[in-house]
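Residue-level structure breakdown
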Amino acid sequence: MKILKISGSLMLISMLLLSCNDIPSYPSDENVAGGGSIKCTVGDESVVIEPLSEEIPSDFIRGFDSSADSEGAVTYKNSAGNDCSLYKTLSDFGVNWVRLRVWNNPYSDKNPSVPGKSNKDLVVSQAKTAKSAGLKVLLDFHYSDYWADPGKQLIPEAWLDASTSDELAIYVSAYTKEVLTAMKEAGCSPNMIQIGNEISSGLLKHKALDENESATNADDAVRGDFLSENYFKYLAAGIAAAREVCPSAKIMLHFTDVKRNSPLNYLASFSALDYDLVGLSWYSEWASHGSITELGELISGIKESFNKDVLIAETNVHHTTETGILSSQYKTNLSDAEGNLYEGILSDADGNVIASIQNQANIIRSVIDVVNKNGALGVFEWGGEYLGAWNSMFASAGQPLPSLAVYSVQ
């Protein structure tokens, strides 16, 4: 028999349970009352999560970037060890949104090792399952056959015949409508739509990767360099298509490296675009993302200067390393100007941030706390569904780690 403990109350959950639907939601009423701490034990691992410093809105986004490689290919479990939909388990632990990526054609010759992953058909299946678990959906258009990020914004192979930016913008519009129409017809329209992924260096600007995985620029006529005319044309085409098919969905633009290239320096250039909110990537391990204090200041600055809502579209934390401590950048990014770690984060005698399941929960709690205090809409955990990975919130056997309970923090 597995034992699950939450907030001092003991709940025995039998391994003989027939359905994951029997697992209670998190936190229990006892946890919520008075904003008390959450204690969660799954198997032999336990965490205690302290309440937030300020009241959190009931609609705060407690999100998970749960783009499992293919529906049903990986077996997930609930806290009792029974097979269960990933999305149902997430919902049970307090998650209320999922972020799903979509790639144009993962069968591309560029990436023969990833056939079928995150294509239109898969994302429709994922969204239907997520919606059936009561989760809202953020759809992330990469506009690429594989990962798009600041280092590579690869034009899909099927679009490389475009010789003008107008032709490429037509592709953007048609593809956006195609995916969203498929979701709408399947009854799983997204609640929020992200036009491009980490577009801080451009959008649709590369045509290939060389043998060293370096991106090769497309021709000047079509290349969407950051803040160029083409760049804004492609964003406008995607936004207009999304508004047409899903008029009630919020539209997000997503940026990263926010210390090195702060959105406060360039968002004025986006004033002609019809978007609703700014998404940020913020990872504790990257110097280009800045400190957690600077993150709070950036959120406030965007809201005050541009009257846009803000969302942390990606963050995550490693829970284990070979040395038992996280990289030195964690210590820098999670400290204030005086070098003091954010409240509740565990460190060793030298001030190094400890790698542990407990600290994984503590650090995500700190991000939620800062985001909430500065008025952002919420937080999405990236990569937490990769079984057994250092930044995962699931063990290799598919069972959730107790740190996942941080998404029930009050």
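Residues numbered from 1 in each chain as written. Predicted model: local features only at pLDDT ≥ 70, side-chain atom pairs only at ≥ 80, totals over all residues. Heavy atoms only, no water.

Brief notes about the sheet that holds strand 5 (residues 61-65)
Spatial ordering of the closed barrel is given by 5-6-7-8-11-12-13-14, a layout of eight strands whose pairing is parallel. The average angle at which neighbouring strand axes cross in this sheet is 25°, direction not considered. Packing of helix 6 (residues 292-306) onto the sheet brings it into contact with strand 12 (277-281) and strand 13 (309-315), and relative to strand 13 it is tilted by some 145°. Packing of helix 8 (residues 357-373) onto the sheet brings it into contact with strand 13 and strand 14 (378-382), and relative to strand 14 it is tilted by some 150°. (Pairing = 2+ DSSP bridges. Helix = DSSP H or I, 4+ residues; strand = E, 2+ residues; numbered from the N terminus. Axes fitted to C-alpha atoms, helices over the stretch in contact; angles between N-to-C directions. Contact = heavy atoms within 4.5 Å.)

Points about helix 8
Helix length check: helix 8 (17 residues) gives 24 Å between terminal C-alpha atoms against 24 Å at 1.5 Å per residue, within 8%. Of all 17 residues in helix 8, 15 are buried; the element is thus mostly enclosed. (Expected span 1.5 Å × (residues − 1). Buried < 20%, exposed > 50% of the residue type's maximum accessible area, 1.4 Å probe, protein only.)

Brief notes about the nonpolar core
With 101 residues, the main nonpolar core has Leu235, Leu253 and Phe270 as its most contacted residues. In contact with Leu253, other than residues within four places in its own chain, are Ile195, Ile199, Leu235, Ile239, Phe270, Leu273, Tyr275, Leu277, Val278 and Gly279. Listed in part, the nine residues of the second largest apolar core include Leu138, Met252, Leu277 and Phe380. (Core = buried A, V, L, I, M, F, W, Y, C linked by side-chain atoms within 4.5 Å.)

Describing helix 6
Taking 1.5 Å per residue, 15 residues should reach 21 Å; helix 6 reaches 21 Å between its end C-alpha atoms and fits that length. Listed as buried for helix 6 are Ile292, Leu295, Gly296, Leu298, Ile299, Ser300, Gly301 and Ile302. Backbone geometry just downstream of helix 6 places Asn307 in the positive-phi region, at approximately 55°.

Describing the pattern of salt bridges
Applying the stated criterion across every chain, the model contains 18 salt bridges. Lys88 is paired through a salt bridge with Asp92; the nearest N and O atoms lie 2.5 Å apart. A residue pair is termed a helical-turn pair when its members lie 3 or 4 positions apart in one helix, as Lys88 and Asp92 do in helix 2 (residues 86-92) at four residues. Note that Asp309 is salt-bridged to Lys303, the shortest N-O span being 3.8 Å. Among the residues examined, Asp309 registers a relative accessible area of 32% and is labelled partly exposed. Through salt bridges that share partners, Asp65, Arg99, Asp140 and Glu314 make up one connected network. (Salt bridge = Lys/Arg side-chain N within 4 Å of Asp/Glu carboxyl O.)

A few points about the side chain of Ser66
Relative to the elements of secondary structure, Ser66 occurs in the loop between strand 5 and helix 2. Judged by its relative accessible area of 0%, Ser66 is buried.

Focus on the environment of Lys303
You can see Lys303 is positioned in helix 6. Between the C-alpha atom of Lys303 and that of Val278, which follows or precedes it by 25 residues, the distance is 9.3 Å. Setting aside anything within four residues of it in sequence, one finds Lys303 in contact with Lys308, Asp309, Val310, Asn374 and Gly375. Only 3.4 Å separates the side chain of Lys303 from the backbone oxygen of Gly375, close enough to count as a polar contact. (Polar contact = N/O pair within 3.5 Å; in protein donor to acceptor, adjacent residues only side chain to side chain.)

Focus: the pairing of strand 5
Counting buried positions along strand 5 yields five of five residues, so the element is predominantly enclosed. By the bridge criterion, five bridges tie strand 5 to strand 14 in an arrangement that is parallel. When the bridges of strand 14 are listed, Arg62 appears paired with Val379. Alignment of strand 5 against strand 6 (residues 97-102), held across two bridges, turns out to be parallel.

Remarks on the packing of aromatic side chains
Applying the stated criterion across every chain yields a total of 22 aromatic pairs. Judged by centre distance (6.0 Å) and plane angle (85°), the rings of Tyr231 and Phe270 are edge-to-face. Of this pair, Tyr231 sits in helix 5 (residues 229-245) while Phe270 sits in the loop between strand 11 (250-255) and strand 12, and the two are 39 residues apart along the sequence. Note on accessibility: Tyr231 and Phe270 belong to one class, buried. (Phe/Tyr/Trp six-rings, centres within 6.5 Å; stacked < 30°, edge-to-face > 60°.)

Overview of the confidence of the model for the protein chain
For the protein chain, mean pLDDT is 90; residues scoring 70 or higher make up 90% of the total. Per-element averaging of pLDDT across the protein chain places strand 2 (residues 9-13) at the bottom with 30 and helix 5 at the top with 99. Segment residues 1-34 is flagged for pLDDT under 50; beyond a separation of four residues in sequence, or across chains, it makes 80 contacts in the model. (pLDDT = per-residue confidence, 0-100.)

Observations regarding unusual backbone geometry
Excluding glycine, most residues fall at negative phi; most peptide bonds, likewise, are trans. Although it is not a glycine, Ser118 sits at a positive phi angle of roughly 55°. One can find Ser118 in the loop between strand 6 and helix 3 (120-132). The phi dihedral of Glu198 falls on the positive side, at around 50°, and the residue is not glycine. The exposure class of Glu198 is buried, given its relative accessible area of 9%.

A closer look at the state of the cysteines
Tallying each qualifying case throughout the model produces zero disulfides. Here Cys40 is not cross-linked by a disulfide; its sulfur's nearest cysteine counterpart is in Cys84, at 14 Å. On the basis of relative accessible area, Cys40 is assigned to the buried category, the value being 0%. Cys246 provides the cysteine sulfur closest to Cys188, a residue in no disulfide bond, and the two sulfurs are 9.6 Å apart. (Disulfide = S-S within 2.5 Å.)

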